[in-house]
Amino acid sequence: MDSKTPNLLIISASDPTSGAGMQADIQTVSSLGCHPLSVITGLTVQDTKGVHHVSPVESKLFAAQAQAILDDSKVDLIKCGMLSSEENIRMLANLLNEYPNIPVVLDPIMASGRGDELTSESMRQLMIELILPRVTILTPNIMEARQLVKLDDQVKEISIDEAAKRLLATGCENLLITGTHDVTDDVVNRLYLSDGETESYAWKRLPHEYHGSGCTLASAIAAYVAQGLSLKQAVEEGQDFTWHTLDAAIQTGQGQRIPNRFFWMNDFDDSDDDPTHH
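Residues numbered from 1 in each chain as written. Predicted model: local features only at pLDDT ≥ 70, side-chain atom pairs only at ≥ 80, totals over all residues. Heavy atoms only, no water.

**Q** I keep staring at unusual backbone geometry and nothing clicks. Help me out?
**A** Positive phi outside glycine occurs at Ser 18, with the angle close to 65°. Mapped onto the secondary structure, Ser 18 falls in the loop between β1 (7-12) and α1 (21-31). The backbone of Ser 84 sits at a positive phi, close to 80°, despite the residue not being glycine. (Helix = DSSP H or I, 4+ residues; strand = E, 2+ residues; numbered from the N terminus.)

Structure representation (structure tokens):
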């Protein structure tokens, strides 16, 4: 393999639809010119309409998968999605502490697109205590951000800026809160950087429901960071790439649409554009 190709260690659960989860992450980083190294945290039974069952991978097996990769390959970045169990969260925390110089992108998955609960309150608390202090950039949607910082019935009363302030106080370096679940004409995403800088991005809201937009965005940002872009540039490019995958989304089942992470292949023959810079 070309040594210039960044290696991304992806830690997430499997999704048979390839809409979200490990398959979404692999498609995204591959489309953007990186090599995916995959560690499975759980097996799911799901379709484009929702998640029906999650079976976490036994924590020692999860840790063994990751350790084998880390012992064998130079890992440029670690991207984490659904962790599937409290035990896996603890194992991941140990691994991240052993490799403090590897950047970490965390998409803190709380629920499926239709609202199936995927992370318990105790798991959220462990993520806050053990994982967030090691995170280079956290990419929750508005609902996830509020759930992470306030675990009771008053969750909706916290403003986005206050949620961001509390999340940054946990030790995560940078934060991108996405507005896909907000009721606005445009999707407004908010970036909070470690140096205090903030930035808002408005994207035309597309008309359909999508399965895996958050996974796509987090993985795209991870890929661009691994390729050497500044964090702010990676966030900008990652959003642009994700919007195009949604604009070109495909209907593979009876439920939500799947982001097309290889949208650029449709007109590749007619364009000289570099597919990693859409």
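**Q** Help me understand the pattern of salt bridges in this model?
**A** Oppositely charged side chains can form a pair if their charged atoms are brought close together. All chains considered together, the criterion is met by 5 salt bridges. Put simply, Lys 74 and Asp 76 hold a salt bridge, and the shortest N to O gap is 2.5 Å. Residue Lys 74 is classed as exposed on the basis of its relative accessible area, which comes to 60%. Ionic pairing is found between Lys 232 and Glu 199, a salt bridge with its closest N-O pair at 3.1 Å. Here Glu 199 lies in strand β10 (residues 198-204) and Lys 232 lies in helix α8 (residues 231-247), a separation of 33 residues in the sequence. (Salt bridge = Lys/Arg side-chain N within 4 Å of Asp/Glu carboxyl O. Buried < 20%, exposed > 50% of the residue type's maximum accessible area, 1.4 Å probe, protein only.)

**Q** Help me out: how do you make sense of the sheet that holds strand β6 (residues 104-106) in this one?
**A** Two orientations exist for strands paired in a sheet by backbone hydrogen bonds: parallel and antiparallel. Taken in spatial order, the 8 strands line up as β2-β1-β5-β6-β7-β8-β9-β10 in an open sheet, and their pairing is mixed. Two strands lie at the open edges of the sheet, namely β2 (35-40) and β10, each paired on one side alone. Lying over the sheet, α1 contacts β1, β2 and β5 (77-80), oriented at roughly 165° with respect to β1. (Pairing = 2+ DSSP bridges. Contact = heavy atoms within 4.5 Å. Axes fitted to C-alpha atoms, helices over the stretch in contact; angles between N-to-C directions.)

**Q** Where do I start with the packing of aromatic side chains in this structure?
**A** The geometry of an aromatic ring pair is captured by the separation of the ring centres together with the interplanar angle, meaning the angle of the planes. As enumerated under the stated definition, the model contains 2 aromatic pairs in all. Ring plane angle 50° and centroid distance 5.6 Å describe the contact between Phe 241 and Phe 263, whose orientation is recorded as tilted. Note that Phe 241 is positioned in helix α8 and Phe 263 in the segment after α8, a separation of 22 residues in sequence. The exposure class of Phe 241 is buried, given its relative accessible area of 0%. Between Phe 262 and Trp 264 the ring centres are 6.2 Å apart and the planes differ by 55°, which places this aromatic pair in the tilted class. What makes Trp 264 buried here is its relative accessible area of 13%. (Phe/Tyr/Trp six-rings, centres within 6.5 Å; stacked < 30°, edge-to-face > 60°.)

**Q** What should I look at first to understand the nonpolar core in this one?
**A** Where a protein is soluble and globular, its nonpolar side chains tend to be buried together. Residues Ile 11, Ile 78 and Leu 138 are the most contacted members of the largest nonpolar core, which totals 42 residues. Counting residues in hydrophobic clusters, the runner-up holds 28 residues, among them Ile 10, Ala 218, Ala 220 and Val 235. (Core = buried A, V, L, I, M, F, W, Y, C linked by side-chain atoms within 4.5 Å.)

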